[in-house]
Each structure stands twice: as structure tokens, then as C-alpha cells.
Amino acid sequence: AVVSTQSTGKIPRIQTLNYFVQNAFLTKEFRQMELLLLEFFCWNLVLPTSAHYIEYYKMAALSASDTLNGEKVTSSMEGKIMKYIAKYCKYFLDISLQDFAFSQLPPSLVAAAAIASSRHSLGLSPSWTVQLKEVTGFSISQVQPVALALIRARDAECENVDVPAEMMSKCQTREPTPTTAQQPTTVAGC
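A few points on the structure. Not measured: the values here are computed from a predicted model. (Residues numbered from 1 in each chain as written. Predicted model: local features only at pLDDT ≥ 70, side-chain atom pairs only at ≥ 80, totals over all residues. Heavy atoms only, no water.)

**Some details on the pattern of salt bridges**
For clarity, the cut-off: The salt bridge definition used is simple: a Lys or Arg side-chain nitrogen within 4 Å of an Asp or Glu carboxyl oxygen. The helix count covers DSSP runs of H or I at least four residues long, the strand count covers runs of E at least two residues long, and both are numbered beginning at the N terminus. Relative accessibility decides the category of a residue: with a 1.4 Å probe and only protein chains considered, values under 20% of the type maximum give buried, values over 50% give exposed, and everything between is partly exposed.
For the structure on display, the rule yields four salt bridges. Between R119 and D66 there is a salt bridge, and its shortest N-O distance comes to 2.8 Å. Residue R119 is found in helix α6 (residues 107-122), and its partner D66 is found in the loop between α3 (50-57) and β1 (67-68); the two are separated by 53 residues along the sequence. Since its relative accessible area comes to 0%, R119 is described here as buried. A residue is classified by how much of its surface remains accessible, and D66, at 0% relative accessible area, is buried. With its nearest N and O atoms 3.1 Å apart, the salt bridge here joins R154 to D155. By relative accessible area, which is 7% here, R154 ends up buried.

So this is what it looks like as C-alpha cells:
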């Protein structure tokens, strides 16, 4: 965790650790114990979550060729759109924590689906871009089922909330559109 979060300043030195045990061990013994622990855990000290991946994936969440509800995204719109993408991603990741089925999937895939679901919900087109495929390593066919499950979970959540009818329209998804060979980067149904 220290290396992945770049907080190396918080790592205690061997001399500090040894001080706490009244200098009972040699530096060599501390290093041997460290290696023994790392080998015991097969060097797997951190299990990345979807939240880890989403921060990286958000860098590719908006591309120059995107359209928003049919209109080209301009540079003046990018900041606001990125804020909404971040909010929607957090929302979809929260939804994924409420259903055990999502915990059985790779966290990188859930994060990728949260990006696609967010793009769809905001009206960005296409829902999955070539850049996102390159950054995430997932194709549209891999992301689509999980993205649809997240959107259905969102819709089910909206149905269970007692809100005025005019507010319900904000919860509804767009009608599914079929993916064609000419549109390989569009999530079917998103």
C-alpha cells in the first residue's frame, strides 16, 4: 500500500523499528523477516479495488471526438462534463457495492463498466471509445453486460424511491440501440 499510494515518507526505518524492541535484532534479521513475510503473502500486499482503477480510467473518460446528446463536446464543456463523470462513476461504484454479484467480477471490469454507464447516463456518445479500450484493456463485449447491470441496478433503485413523477424521468435510461459492425465502439443498450 505504501508504494501504490506513494506515501514512502510513512515507512519506518529499520533503526526505528529496532528501537521499539530495545535493539533486540540485527538489521539483517529485520530484512530476512521482511522477505519471509513478503514471500508468505506471495508479494500480494494490496488488493486493488474498483476505486483504484476508476481514477486511472477517468483520464480517458472524455475524448475529443465525443458528442453530448448529439452535439460535439467543446473545450469549454469538458471541465463540467468531467465533474459529472466523476460523480456518476462514484454513484455507479456505490451501486456495485450493494450487489454481491459485482464483487465476483474483476474490479478493473467493474470500474470500466462504471465509466461506460456514466458516459451513457450523461448522453455521451459513443459509450465506449477506442481510447477507453486501450486504457482499460476491455472490449465493448466485455464491458457491455456489466454496464447494463449497473444501469438496471440504478433504474431499480429509482423505482424503489418515492419521488414525484416529473423527477422519475431523470432516472430512466435511453432506449437500447443495437450495436452494428459500423459502430464497434458503442455499448449496445447504452
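Okay, back to it.
**Comments concerning the packing of aromatic side chains**
Two descriptors summarise a pair of aromatic rings, namely the distance from one centre to the other and the angle between the planes of the rings. The cut-off we apply is this: Here is the rule: rings of Phe, Tyr and Trp (six-membered ring for Trp) pair when centre to centre is within 6.5 Å. Planes less than 30 degrees apart are stacked, more than 60 are edge-to-face, and the remainder are tilted. Charge over a ring is defined by NZ of Lys or CZ of Arg lying within 6 Å of the ring centre and within 35 degrees of the ring normal.
Counted under the stated rule, the structure contains seven aromatic pairs. Judged by centre distance (5.8 Å) and plane angle (85°), the rings of F25 and F30 are edge-to-face. Of the residues examined, F30 reaches a relative accessible area of 19% and is grouped as buried. Taking 5.0 Å as the distance between ring centres and 85° as the angle between the ring planes, the aromatic pair formed by F40 and F41 counts as edge-to-face. A relative accessible area of 63% places F40 in the exposed class. Among the aromatic residues, ring-to-ring pairing joins Y53, Y56 and Y57 into one connected group. Above the face of the Y84 ring, K87 is positioned so that its terminal group lies 5.6 Å from the ring centre.

**Some thoughts on the packing of α3 against α6**
Basically, it comes down to this: Under this scheme, a helix contributes an axis fitted over its contacting stretch, all axes are lines through C-alpha atoms, and angles between N-to-C directions fall in the 0 to 180 degree range. For classification purposes, angles smaller than 35 degrees are called roughly parallel, those larger than 145 roughly antiparallel, those between 65 and 115 roughly perpendicular, and all remaining angles oblique. Here a crossing is called left-handed whenever its near helix is offset anticlockwise from the far helix by less than a right angle, and right-handed whenever the offset is clockwise. Contact criterion: two residues are considered in contact whenever any of their non-hydrogen atoms come within 4.5 Å of each other. When residues are sorted by character, Ala, Val, Leu, Ile, Met, Phe, Trp, Tyr, Cys and Pro go into the nonpolar class, Asp, Glu, Lys and Arg into the charged class, and all the rest, Gly among them, into the polar class.
At their nearest, the axes of α3 and α6 sit 8 Å apart, and the two run at 50° to each other. One finds that α3 runs oblique with respect to α6. In this structure, α3 crosses over α6, and the sense of that crossing is right-handed. Side by side, α3 and α6 meet where S50, Y53, I54 and Y57 of the first sit next to P107, S108, V110, A111, A112, A114 and I115 of the second. Grouping the constituent residues of the contact of α3 with α6 by class yields nine nonpolar, two polar and no charged.

**Comments concerning unusual backbone geometry**
With an omega dihedral of 0°, the bond running from S125 to P126 counts as a cis peptide bond. By secondary structure assignment, the location of P126 is in the loop between β3 (124-125) and α7 (130-136). With a phi close to 55°, C42 is a non-glycine residue in the positive phi region. When you line up the elements, C42 lands in the loop between α2 (27-40) and α3.

**A short note on helix α8 (residues 140-159)**
Operational definition: Every helix has an expected span of 1.5 Å times one less than the residues it contains.
Look at α8: 28 Å from first C-alpha to last across 20 residues, which is about the 28 Å you get at 1.5 Å a residue. All of the buried residues in α8 are I140, V143, V146, A147, L148, L150, I151, R154, D155 and C158.

**What about a nonpolar patch on the surface?**
For clarity, the threshold we go by: Residues enter patches when their relative accessible area tops 30% and they take part in no salt bridge; the joining distance is 9 Å for like charges and 5 Å for the nonpolar side chains Val, Leu, Ile, Met, Phe, Trp and Tyr. The protein chains shown are the only cover counted for residues, whose accessible areas, like all others here, come from Shrake-Rupley with a 1.4 Å probe.
There is a patch of nonpolar side chains on the surface, built from M33, L36, L37, F40, F41 and L45 and spanning about 650 Å² of accessible area. Secondary-structure assignment places L45 in the loop between α2 and α3.

**A closer look at the sheet that holds β3**
Rule in force here: Two strands are said to pair when DSSP picks up at least two bridges between them.
Judged by pairing direction, the sheet is antiparallel, and its three strands sit side by side in the order β2-β1-β3 without closing on themselves. Edge positions in the sheet fall to β2 (71-72) and β3, since each has one partner strand and no second. Sheet topology note: the β1/β2 ladder contains two bridges and is antiparallel. In the strand pairing of β2, T67 is matched with K72.

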